[in-house]
Amino acid sequence: IKSELPKSIRDWTFIDVTPKEAASLGCNGLPLNPETTLIGAQHKRIIKEVRAHKHEVIEVPYSVPSFMGGGLRCSSQPIVRERV
């Protein structure tokens, strides 16, 4: 990222992933709420990193669809959430 981050995400913590993890859609989880996300169970290192930041991770056996170019987020329907 070559510019300043938008104000809405400046205080986020980012987890670095390898090109291989990115290509296998390791970043394509499905957030359920601000503290809980679904992540493909094969992404052990990413899951460990997310848990280290005090987030709950629900591991989902979901490797086959990733071979076809889609991850958990891609497989879900968009959800409209009201701000709390």
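Residues numbered from 1 in each chain as written. Predicted model: local features only at pLDDT ≥ 70, side-chain atom pairs only at ≥ 80, totals over all residues. Heavy atoms only, no water.

Colleague: Please set out the environment of His53 residue by residue, giving values where relevant.
Modeller: On the secondary structure map, His53 appears in the loop between helix H2 (44-52) and strand E3 (56-60). Look at His53 and you get partly exposed, because its relative accessible area is 37%. Spatially, the C-alpha atoms of His53 and Glu35 are 9.7 Å apart, while their sequence positions differ by 18 residues. For His53, the residues in contact, after removing those within four places along its chain, are Thr13 and Ile15. (Helix = DSSP H or I, 4+ residues; strand = E, 2+ residues; numbered from the N terminus. Buried < 20%, exposed > 50% of the residue type's maximum accessible area, 1.4 Å probe, protein only. Contact = heavy atoms within 4.5 Å.)

Colleague: Give me H2: which residues, what numbers.
Modeller: For H2, the set of buried residues is Ile46, Ile47 and Val50. Across the axial projection of H2, the buried residues extend over an arc of 100 degrees, all falling on one side. Facing away from the buried side of H2 by over 90 degrees, the exposed positions are Lys44, Lys48 and Ala52. Summarising the contacts, the buried residues of H2 are in contact with helix H1 (19-23), strand E2 (36-40) and E3. Immediately beyond the C-terminal end of H2, within one or two residues, lies Lys54, with a positive phi of roughly 65 degrees. (Arc of directions from axis to C-beta.)

Colleague: Describe the nonpolar core, naming the residues involved and giving the relevant values.
Modeller: The nonpolar side chains of soluble globular proteins are, as a tendency, buried together. Within the largest apolar cluster, 5 residues are counted, these being Ile39, Ile46, Ile47, Val50 and Val57. A total of 3 residues in this core trace back to one element, the largest contributor, which is H2. Contacts of Val57, omitting those with residues within four sequence positions, involve Thr37, Ile39, Ile47, Val50 and Arg51. (Core = buried A, V, L, I, M, F, W, Y, C linked by side-chain atoms within 4.5 Å.)

Colleague: Break down the confidence of the model for the protein chain for me, citing the residues and quoting the values.
Modeller: Scored by pLDDT, the protein chain has a mean of 84; 82% of the residues are at 70 or more. Helix H3 (residues 64-67) is the least confidently modelled element of the protein chain, averaging 59 in pLDDT, while H2 averages 96, the highest of any element. (pLDDT = per-residue confidence, 0-100.)

Colleague: Help me get a handle on the layout of surface pockets, residues and values and all.
Modeller: Volume-wise, the largest pocket comes out at about 970 Å³. As for the largest pocket, its lining consists of 22 residues, and the residues nearest its centre are Trp12, Thr13, Ile15, Val50 and His55. Contributions of two or more residues to the lining of the largest pocket are made by strand E1 (30-33), E2 and H2. Looking at which element gives the most residues to the lining of the largest pocket, the answer is E2, with 4 residues. Tallied by class, residues from the lining of the largest pocket come to 11 nonpolar, 8 polar and 3 charged. (1 Å grid on protein atoms, 1.4 Å probe; cavity = no way out; pocket = protein on both sides within 12 Å on 5 of 7 lines; lining within 4 Å. Points joined across faces, edges and corners; volume = space filled by probe spheres on them. Nonpolar A, V, L, I, M, F, W, Y, C, P; charged D, E, K, R; others polar.)

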